[in-house]
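# Structure at a glance
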Amino acid sequence: SYFLGWLNQVILMFACAVILVAAGLLIYSSAPLRAGAVWVLTLMSTLAFLISKFLSLWAVPLTAKAIAAENAVAGSAQSILVTLGPSEAFGLLPAIDYLGFWLYGLIGLLLFRPLFRQSLSAKIAAVALFFYGILFHLIYVALMIDLMGQSDVGGVVFLINLLVLIAAIALLFRFRGCRVDAIRPTSGPVAS
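What you see is a predicted model; the values in this text were computed from it and never measured.

Moving on, we come to the overall build of the protein. A count of helices and strands for the protein gives six helices and zero strands. When the elements of the protein are put in sequence order from the N terminus, they spell out α-α-α-α-α-α. Over its C-alpha trace the protein gives a radius of gyration of 20 Å, far above what one expects of a compact globule, namely 16 Å for 192 residues. Judged by the C-alpha coordinates and their principal axes, the protein covers about 80 × 45 × 25 Å. Long-range contacts, defined here as pairs at least 24 residues apart, represent 68% of the contacts in the protein between residues at least 6 apart. For the protein, the accessible surface area stands at approximately 11,400 Å², while carbon and sulfur atoms represent 73% of it. Taking the 10 positively charged and 6 negatively charged side chains of the protein as two groups, their mean positions are separated by 26 Å.

A word on the confidence of the model for the protein. Confidence in the prediction for the protein averages 85 pLDDT; 91% of positions are at 70 or higher. Mean pLDDT per element in the protein: helix α3 (residues 74–84) is the minimum at 78, and helix α5 (residues 120–144) is the maximum at 92.

F101, Y104, L111, L115 and Y132 are the most contacted members of the largest nonpolar core, which totals 39 residues. Looking at this core, the elements that each hand over two or more residues are α1 (2–27), α2 (32–69), α4 (92–116), α5 and α6 (150–183). The leading source of residues in this core is α5, at 10 residues.

Rules used in this analysis
Residues numbered from 1 in each chain as written. Predicted model: local features only at pLDDT ≥ 70, side-chain atom pairs only at ≥ 80, totals over all residues. Heavy atoms only, no water. Helix = DSSP H or I, 4+ residues; strand = E, 2+ residues; numbered from the N terminus. Rg over C-alpha atoms; globule rule 2.2 N^0.38 Å. Contact = heavy atoms within 4.5 Å. Areas by Shrake-Rupley, 256 points an atom, 1.4 Å probe, with all protein chains shown as cover. Lys, Arg positive; Asp, Glu negative; His and termini not counted. Charge placed at Lys NZ, Arg CZ, Asp CG, Glu CD. pLDDT = per-residue confidence, 0-100. Core = buried A, V, L, I, M, F, W, Y, C linked by side-chain atoms within 4.5 Å. Buried < 20%, exposed > 50% of the residue type's maximum accessible area, 1.4 Å probe, protein only.

Set out below in structure tokens:
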């Protein structure tokens, strides 16, 4: 179940990356520099998530086995597991994940204006991504000035990630509309 849980996250991460790259394509004609920035930030966030997921799937199980075996490397494994800190907000693995989420926040801020000028589904996606970008940065500020405890971060970030899900669903409707428009003939009957 541990591996299936992480595999689920990897699949969701790649699906989100594909949707963000396609969103960059949607805005390319009106904002090519923003589209390029979205693509670069999407690549960076995907790499951050991949590093975190790989360490979770490789290092964490191996260190846990070394600790359980109580062999010569158990002491080193214990310190590595503490450093990785998979269940702590300040651990290396969650910090890398939060880096990916922060990049999603930047992407949301970049996509807002060009997407807001498009169809209703694109507007919904734009607003959801904009609020995600704003809220993620507010969470960071709240952490730094002690308005929020470290134990609350995971739950709050999980809740605001629902905005990314809303944006992804809205963008899927926008992509469907683009596909239908591309198939529809522009003028006159279609010759057979």
